[in-house]
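# A structural walkthrough
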Amino acid sequence: MRPVLSHPLRLAELPQRKPTAIRLVPDAGELETLADRLGVDAFRKVRFEAVLAPDGGRDWLLKGHLGATVVQPCRVTTDPVTTRIEEDVVRRYTPDMAEVTEEEIEMTEDENVEPLPAVLDAGDLLEEVLALAVPDFPRAEGAEDIDLTAAPPGAEPLTEESVKPFAGLAALRDKLGGPKDE
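A short tour of the structure in this document, coming up.

Rules used in this analysis
Every chain begins its residue count from 1, and numbering advances along the sequence as written. Residues qualify for local features only when their pLDDT is at least 70, as the model is predicted, and side-chain atom pairs are given and counted only at 80 or more; totals for whole chains, interfaces and linings, by contrast, use all residues. Note that the side-chain values use all heavy atoms of the structure and ignore hydrogens as well as water. Helix numbering and strand numbering both begin at the N terminus, where a helix is a DSSP run of H or I of at least 4 residues and a strand a DSSP run of E of at least 2. Residue exposure (1.4 Å probe, protein chains only): buried if accessible area is under 20% of the type maximum, exposed if over 50%, otherwise partly exposed. In what follows, residue pairs with any heavy atoms lying within 4.5 Å of each other are defined as contacts. The protein chains shown are the only cover counted for residues, whose accessible areas, like all others here, come from Shrake-Rupley with a 1.4 Å probe. Just to be clear on terms, a salt bridge is a Lys or Arg side-chain nitrogen sitting within 4 Å of an Asp or Glu carboxyl oxygen. Any two strands are treated as partners once DSSP identifies two or more bridges connecting them. Axis angles are defined between N-to-C directions and span 0 to 180 degrees, where every axis is a line fitted to C-alpha atoms and, for a helix, only to the segment in contact. Take the number of residues in a helix, subtract one, and multiply by 1.5 Å to get its expected span. Pairs of N or O atoms within 3.5 Å make up the polar contacts considered here, provided that, within protein, one atom can donate a hydrogen while the other can accept it, and that residues adjacent in sequence are counted only when both atoms are side-chain atoms. Every definition here rests on a 1 Å grid over the protein atoms only: cavities are sets of points where a 1.4 Å probe fits but cannot get out, pockets are open sets enclosed by protein on both sides within 12 Å along at least five of seven lines, and lining residues have some atom within 4 Å of a point. Grid points are joined across faces, edges and corners, and a volume is the space filled by probe spheres set on the points. When residue character is reported, Ala, Val, Leu, Ile, Met, Phe, Trp, Tyr, Cys and Pro are called nonpolar, Asp, Glu, Lys and Arg charged, and the others, Gly included, polar. In this tally, Asp and Glu contribute negative charge and Lys and Arg positive charge; neither His nor the terminal groups of the chain are included.

## Topic: the overall build of the protein chain
Across its full length, the protein chain holds 4 helices and 7 strands. When the helices and strands of the protein chain are listed from N to C terminus, the series reads β-β-α-β-β-β-β-β-α-α-α. Counting across all 182 residues of the protein chain, residues that qualify as buried make up 31%. Intrachain contacts of the protein chain at a sequence separation of at least 6 include 59% that bridge at least 24 residues. When the accessible area of the protein chain is evaluated, it comes to approximately 12,800 Å², of which 51% is carbon and sulfur surface.

Rendered as structure tokens:
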């Protein structure tokens, strides 16, 4: 899928001796499309600023910062919750890493190292970082926990104590008069 704010950088065409500055600030229409794509009510602001520079040999290093303000419904009250996101972004792109297909997952020591692409789309990186930074379960200030216990008529709802694996054994031991641990 093409990023909302596409900003392709062909690495072979970038200066090899100096950094390249990147600044992406989506307009109102792009913010609305981003909100739809990421399943939130709205983004008030989004700004991604970074520097992409050659880094020893054939590697490239991107260092930047993503700032955004997101509005989402509270998962308890459904009231709107505004959250400020501030994320530092560091990615090292290296040709020494094989491209990973969708079927395989590769674990690396450094999660910020990625295969060197021929074209790096900064808009795609913006969306990736933003999607990972948006809170999964935003809560309005003062929202109380919801008690979600359920049981059939006449039965006691399960509690944390009753579902612990050794709670039943301890109760049985007590009934049978067995020795208690000290």
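Additional details are given in the paragraphs that follow.
## A closer look at the pattern of salt bridges
Following the criterion strictly, the structure yields 10 salt bridges and no others. Across the pair arginine 173 and aspartate 174 runs a salt bridge, and its minimum N-O distance is 3.3 Å. Exposure remark for arginine 173: the relative accessible area of 27% places this residue in the partly exposed category. One salt-bridge network, held together by shared partners, links Arg23, Arg47 and Glu49.

## Considering the pairing of strand β3 (residues 42–54)
One ladder, built from 5 bridges, connects strand β2 (residues 20–24) with β3; its direction is antiparallel. Residue pairing in the sheet places alanine 21 in a bridge with valine 51 of β3. Of the strand pairs in this sheet, β3 and strand β4 (residues 60–73) are connected by 12 bridges, and their pairing is antiparallel. Directly across from valine 46, in β4, lies its bridge partner alanine 68. Between β3 and β4, which pair antiparallel one after the other, the connecting turn spans 5 residues, and glycine 56 there sits at a positive phi close to 60°.

## Overview of the sheet that holds β3
With mixed pairing, the 5 strands of this open sheet are ordered in space as β2-β3-β4-β5-β6. Looking at which strands have only one partner, the edges of the open sheet turn out to be β2 and β6 (113–115). Across this sheet, the average inter-strand angle for adjacent strands is 25°, counted without regard to direction. Helix α2 (residues 122–133) contacts β2, β3, β4, β5 (80–94) and β6 of the sheet and is inclined by roughly 130° relative to β5.

## A look at α2
Spanning 12 residues, α2 covers 16 Å between terminal C-alpha atoms, matching the ideal 16 Å at 1.5 Å per step. Inspection of α2 places Ala122, Gly123, Leu125, Leu126, Glu127, Val129, Leu130 and Ala133 among the buried residues, and these make up the whole buried set. The elements touched by buried residues of α2 are β2, α1 (28–38), β3, β4, β5 and β7 (119–121). With a side-chain oxygen lying 2.9 Å from the backbone nitrogen of glycine 123, the N-terminal cap of α2 falls on aspartate 121.

## Some details on the layout of surface pockets
Which parts of space are left empty comes out when a probe the size of a water molecule is rolled across the atoms. Approximately 210 Å³ is the volume found for the second largest pocket. What lines the second largest pocket is a set of 12 residues, among which Tyr93, Glu114, Pro117, Leu120 and Asp124 lie closest to the centre. For the lining of the second largest pocket, the secondary structure elements donating two or more residues are β6, β7 and α2. Here the lining of the second largest pocket is composed, by residue class, of 7 nonpolar, no polar and 5 charged.

## Remarks on the side chain of aspartate 59
If you trace the backbone, aspartate 59 turns up in the loop between β3 and β4. Notably, aspartate 59 is buried but unbridged: the nearest opposite-charge side chain belongs to arginine 92, and the N-O separation is 4.6 Å. Filtering out sequence-adjacent residues up to four positions away, aspartate 59 remains in contact with Ala53, Pro54, Arg92, Tyr93, Thr94 and Pro95.

## Some remarks on the side chain of glutamine 72
Residue position: glutamine 72 is located in strand β4. Residue class for glutamine 72 comes out buried when judged on its relative accessible area of 3%. Among the polar contacts made by the side chain of glutamine 72, one reaches the main-chain carbonyl oxygen of proline 135 at a distance of 3.0 Å. Apart from residues lying up to four places away in sequence, glutamine 72 is in contact with Val40, Asp41, Asp79, Pro80, Val81, Val134, Pro135 and Pro138.

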